[in-house]
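Analysis of the macromolecular model
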Amino acid sequence: MRLEPVANPSLARLLGFPAVALAVTVLIGSGLAMVAGADPFATLGLILRGAAGSQFAALETLNRATPLIFTGLAVAVAFRARLWNIGAEAQLYAGAVMVALLGTGALAWPAGLLLPAMAGAAMLAGALVLLGPAVLKVRFGVDEVVTTLLFNFVVLLFVSMLLEGPLKDPMGMGWPQSPRLVPEARLPRLVEGLRLHWGFALGLIAAVIVWVIQTRTTLGYEMRAVGLNRQAAEFAGIPVGRVILKTALLSGGLAALAGFSEVAGLKGNLTLDISPGFGYTGIIVAMLALLNPLGVVVTAIFVAGVFVGADSMSRAAGVPTYIANIMLATALLTMVLAIQLSRFRVKWG
Amino acid sequence: MAEILDILLSASFWAAVIRIASPLIFATMGELICERAGVLNLGIEGIMVAGAFAGWMAVYSGLGLWTGVAVAMGAGMLFGLLHGTLTVPFGLSQHVVGLGITLLATAVAYFAYRLALPRVTTPPRIEAFQPLPVPYLSDLPIVGPALFTQTPLTYLAFALVGVVSLVLYRTPLGLAVRAAGENPAAVESQGLSVTAIRMGAVMVGSGLMAVGGAFLTMSAFNSFFFEMVNGRGWICIALVVFGAWMPGKALLGAVLFGIFDAFQIRLQQTALGADIPYQVFLMLPFLLSILALVVMSRRAAVPAALMTPYSKGER
Amino acid sequence: MTEAQEGAQATVLRLDGITKRFGQVLANDSVSLALKRGEVVALLGENGAGKTTLMHILFGHYAADAGRIEVFGEALPPGNPRAALDAGVGMVHQHFTLAENLSVLDNILLGTRPLWAPGLGRAAARARVVQLARDFGLAVVPEHRVGNLSVGEKQRVEILKALYRDARILILDEPTAVLTPQETEDLFATLRKMVAKGLSVVFISHKLHEVLAISNRVVVLRHGRLVGEVETARTDRAQLAGMMVGAEVRAPERRDSAPGVALLTLAAVSTADRGSAPGLKGADLELRAGQIVGLAGVSGNGQGALASLLAGLEAPIAGEMRLAGAAPRRWSPRAAMRAGIARIPEDRHATGTIADFTLTENAILESYARAPFSRRGWMDWRAARDFAARLIARYDVRCPGPETRIRLLSGGNMQKLILGRALEGAPRVILANQPVRGLDIGAIAFVHGQLLEARARGAAILLISEDLDEVMALSDVIHVIYEGRLSPVFARAEKSAAELGEWMAGGGFADGAHAA
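Rules of the game
- Residue positions within a chain follow its written sequence, with the count starting from 1.
- Here the convention is simple: chains get letters from A, ligands get numbers from 1, in the order in which they are written.
- Reporting in this predicted model follows two pLDDT cut-offs: at least 70 for local features of residues, and 80 or more for side-chain atom pairs to be given and counted; totals over whole chains, interfaces and linings ignore these cut-offs and use all residues.
- The way it works is that DSSP assigns letters per residue, a run of H or I at least four long becomes a helix, a run of E at least two long becomes a strand, and they are numbered from the N terminus.
- Throughout, radius of gyration means the C-alpha value; the globule benchmark is 2.2 Å times the number of residues raised to the power 0.38.
- Whether a residue is buried, exposed or partly exposed is read from the other C-beta atoms within 10 Å of its own C-beta, which are placed from the backbone; 20 or more gives buried, 12 or fewer gives exposed, and intermediate counts give partly exposed.
- Remark: residues whose backbone-derived C-beta atoms lie within 7 Å of one another are considered to be in contact.
- Basically, the charged four are Asp, Glu, Lys and Arg, the nonpolar ten are Ala, Val, Leu, Ile, Met, Phe, Trp, Tyr, Cys and Pro, and anything else, Gly included, counts as polar.
- Here the rule is simple: two strands pair whenever DSSP picks up at least two bridges between them.
- Axis lines are fitted to C-alpha atoms, over the contacting stretch for helices. Their N-to-C directions set the angle, which ranges from 0 to 180 degrees.
- Orientation is classified from the angle alone, with under 35 degrees giving roughly parallel, over 145 giving roughly antiparallel, 65 to 115 giving roughly perpendicular, and any other angle giving oblique.
- The handedness criterion is simple: a crossing whose near helix is rotated anticlockwise from the far helix by less than a right angle is left-handed, and one whose near helix is rotated clockwise is right-handed.
- Between the first and last residue of a helix there are one fewer steps than residues, each counted as 1.5 Å, and that sum is the expected span.
- In predicted models, pLDDT denotes the confidence assigned by the predictor to each residue on a 0 to 100 scale.

1. What to know about the overall build of chain C
Counting its regular elements, chain C contains 18 helices and 22 strands. Against the 2.2 N^0.38 benchmark of 24 Å for 516 residues, chain C shows a C-alpha radius of gyration of 25 Å, consistent with a compact globule. By principal-axis analysis of the C-alpha atoms, chain C measures approximately 80 × 55 × 50 Å. The buried share among the 516 residues of chain C stands at 48%. A sequence separation of at least 24 residues applies to 69% of the contacts in chain C between residues at least 6 apart.

Printed below as a string of structure tokens:
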């Protein structure tokens, strides 16, 4: 079997295969529902309704999408430059820690100053967390996949240490959690009376900014060149090492904003479970969006919808909520295959 | 100082070292086989979860222990088949597919577990592998209880290293695997199928990873719970690099890791350990793995075609 | 099989109406060919004529869209290298198919025993390899790691691979491209031994004198079609050249001119070794305005190191490099470009272009950071597009437009864009590393014409090529490179091809280079 590139793929080809991928994902979801003894149509209906069936559900989905926009952008930026940042989870927590450090009374600033300061500090912390593996990659050629993965565990243990030590809430009845943020440190709601905070809007703005960086700036050009062909980029005089480090800073900073938005926007304090794997899910979000920053917004909402919908379906129909993870992993694998098939023709022999 | 010496001289310490190393040996050998054939398998973490669950579930539902191991291996090979199909003939990114397999395998295991035991809070235990003292050898002081009073799966792990070495370096099959990871065109021009060799290596390798996971539920903790693999798969990837893609050195790495991990657990319980947050100790294995990667990165003999998809007739 | 068929004139291989299409390109158009026992057939044609594709089909790397292959009278199943090997067909690829981390013996053994066999039988195999090596004059050490071998040795291993499997038909794809003239003679001696033992050889080449020297019969391919077939004894260079390109080949026109000042000098410069690729060892070199310096040598003898040095990818570890009289302080690709060095890289796919970038994006690859393309960190895509359009027009790049992804272009058009990008700023020094490798005759003429034009306006040019004919045709002066060392400078036509070949093999270099 050989793959032969298709010079000018037709629209049918470009859309057909992804459509099949989506169909396969839904099919597998239905199959799992049947295995769990539920009616597949009802299950999918419940997921859909749970994700977007009411104003409450839709807002819940957007709330869940917010951190995924940030981690999705972080992954999209990094992967575009072929920096395999699998450590968005760690960078997210690094950002969250900075919010808890600065927002629980350490700085008695008005919200207009405090929020940007916290966001800036969070981005810095996240950027530094990824800078480590990036420097190891550039300087010693250490594969960043494994180092960023391992850093996830290190940072999470570090956060746990803080929450049982200096950051522990004295009024927390012994739970490992930080004190609550002061009111000035909370992200306000987007629309009064609706349960959706400014983090979501921030995510949209971030997506546009990343898109502009990638398509309009010199750095964006450099990042794409390094990602597509490092050797040619080096030959052409692009400072590859520096570009990778800049990419790492941007990517780590974006992931950290997820932590900022979760703590300052949604939760109000830092716990060890602010992220149920948003960093890893960011990979799915970014890949489904074909690493396009604007696409990330769409896929983040889709992925969040699947999670929120599955949660609500699980309560109603008793199908384990992990069906969402299976469907999303399936979507990821079938989609990368679909994209390959839309660009290459399979030839036998 | 005396405390530390006490730890190092106790048989229970060395027994723990071997116990900790065993699952890593299985999974590291699995990853090594994949990478030697030219495929980075980042599905390892999830495949270990799936193996841990499958083996445990088989025994929990009444099957024999060795059947459980076989079931785990089969589950691993299924995910290997998926990984191989996507990365070898279709040439998809090994990074993305591997992570996707990890997400998928983990989710499938958790889903199946919740399906089987909907409302269980304390994970039920199974009748797991029991220590099997080797006649005569187990009577030796220190060495006997440490090395020769282990479960059969542990003996199997160590034997596996010898088998993998033998196959890789002394058989036509191993030669083909090593060549596939170095220059697939060499394999094809000698009339062998790169696709078949790589697919086979990924499937067998994934099977071994799953047995490594099954070791946790069937020979160590005796029950299945969430997050139990806890980064062991990623550590195995670091061990392959540390071992410079050679089975013997990778084994050495796994044992060193076991020594270190067993030591930190015991150090936590000493007076010295009481002053330091336990998280610091838990962090050390991960930091150590990163350090090993940095140290080895300069001289490691990476298979030249690792992560490079091969398309027939292309050069 | 009857007695008659086993005789000297028995046909061992028959290709019948082989057709193969890659996308839009018809690589082989109904090609038929027969090979007799004890015969050397030369498959002649310029780059891209379809020679290699045809042989890949024979060997089973590709399956033909139409046509039929018979080996020793039996049909060969398509697309199956194993079947070809079992039928007695062996192939020595242009790019060696050896695993560098394995020994010579293991490379030969690979795939010769059933995969599930319990052992490799190395001892017996070793004896057989040594015997074969002796019979055919192929000196190798079975225990040596292939990664440490010279190019010539690697080729011997490739031939032994085929002989070990009892190949009766051997296909050699451009086997002399990587050899010195002397090594080529050795190879021919081996081939004659093989023919004497009743083997048959298909010899793929585009070098006329070699084809005339070794073959019994010449088959010429052009644009995928068989355009001629002659007995070697009844033809000559001119006729073959005419068949090959469809018109007489002309040497590029060059006028003699007086060299100007030295624009770049190397004085006893050394660079670091890179694995098995040697660095420069105390190289002295002078590039003068209005002069083409040709660098001849067998590949892998330090050409890469010299190219990397001039391209800015590597700095000297000893000795001094001077640009227009001054030593550069920091040395990088950007510094090299600022110093007026235009670089044409050896590998246009891997180094010269980014396949998934458009022509526009590739056109500004070396100048993107400067105005007008980039101002204060922002790209000006309109300026970039205009620039690309200008290059496309001026350098005759055939493409649908500047927004086309460059991977869709032919090698020649890709090279024209690289050439335009490099030459656009009227550079003072030009590094041309294998500038015409793999191009068709039209593109070769264009590239050579551009280099000569640059020479005429006073650029100093270093032409690195493994094709001795090209070096001798274009250069004003010639150096030979051997294991990182440069020969003294030879004036144009001072040395014959044979004498240069002697230098390429290390002869002439002082302090016993032959021993190295």
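Resuming the write-up.
2. Quick word on the interface of chain A and chain B
Accessible area lost upon the coming together of the parts is a frequently used measure of interface size. Contacts between the two partners involve 38 residues from chain A, matched on the other side by 39 residues from chain B. At the level of elements, β1 (2–5), α5 (111–140), α6 (144–163), α11 (278–288) and α13 (323–343) of chain A are the ones that each hand at least two residues to the side of chain A that touches chain B. Partitioning the side of chain A that touches chain B into residue classes produces 30 nonpolar, 7 polar and 1 charged.

3. Here's the deal with the sheet that holds strand β7 (residues 169–173) of chain C
Strand-to-strand pairing in sheets goes through backbone hydrogen bonds, with the strands running parallel or antiparallel. Residues and elements named next belong to chain C. On the basis of which strands lie adjacent, the open sheet formed by 6 strands has the order β6-β7-β8-β3-β9-β10 and mixed pairing. The open sheet has two edge strands with one neighbour each: β6 (89–92) and β10 (225–231). For this sheet the average axis-to-axis angle between neighbouring strands, irrespective of direction, equals 20°. Note that strand β9 (residues 217–222) and β10 share 6 bridges and pair antiparallel. Counted as the bridge partner of R217 is E231 from β10. Together, β6 and β7 form the strand contacts of helix α6 (residues 151–164), whose direction differs from that of β6 by roughly 170°. Its contacts with the sheet put helix α7 (residues 181–196) on β3 (40–44), β7 and β8 (200–205), and the angle it makes with β8 is roughly 150°.

4. Quick look at the packing of helix α2 (residues 11–36) of chain B against helix α11 (residues 232–242) of chain B
Helix-helix packing is characterised by the crossing angle of the two axes and by the distance between the axes. Residues and elements named next belong to chain B. The N-to-C vectors of α2 and α11 enclose an angle of 60°; their axes lie 9 Å apart at closest approach. By the angle between their axes, α2 is oblique relative to α11. Remark: the crossing between α2 and α11 carries right-handed chirality. Seen from α2, the contacting residues are P23, L24, A27, T28, E31, L32 and E35; seen from α11, they are R232, G233, I235, C236, I237, L239 and V240. Along the lines of polarity and charge, the residues of the contact of α2 with α11 split into 9 nonpolar, 2 polar and 3 charged.

5. Points about helix α16 (residues 441–456) of chain C
All names here are of chain C. Helix length check: α16 (16 residues) gives 22 Å between terminal C-alpha atoms against 22 Å at 1.5 Å per residue, within 8%. Residues of α16 that are buried in the fold lie against β13 (291–296), α15 (411–423), β18 (429–433), β19 (460–464) and α17 (468–474). G458 lies just past α16 and shows a positive phi near 105°.

6. Quick notes on the confidence of the model for chain C
All names here are of chain C. In this model, chain C carries a mean pLDDT of 89, and residues with pLDDT of at least 70 account for 96%. Note on residues 1–6: pLDDT is under 50 here. Beyond four places in sequence and across chains, it has 2 contacts. For residues 512–516, every residue scores under 50 in pLDDT, and the model assigns this stretch 6 contacts once sequence neighbours within four places are set aside. Predicted complex, confidence summary: ipTM 0.93, pTM 0.91.

7. Considering the environment of V429 of chain C
Residues and elements named next belong to chain C. Locating V429 in the fold gives a position in strand β18. Between the C-alpha atom of V429 and that of A272, which follows or precedes it by 157 residues, the distance is 23 Å. Setting aside residues up to four positions removed in sequence, V429 forms contacts with L263, L264, L287, G340, I341, A459 and A460.

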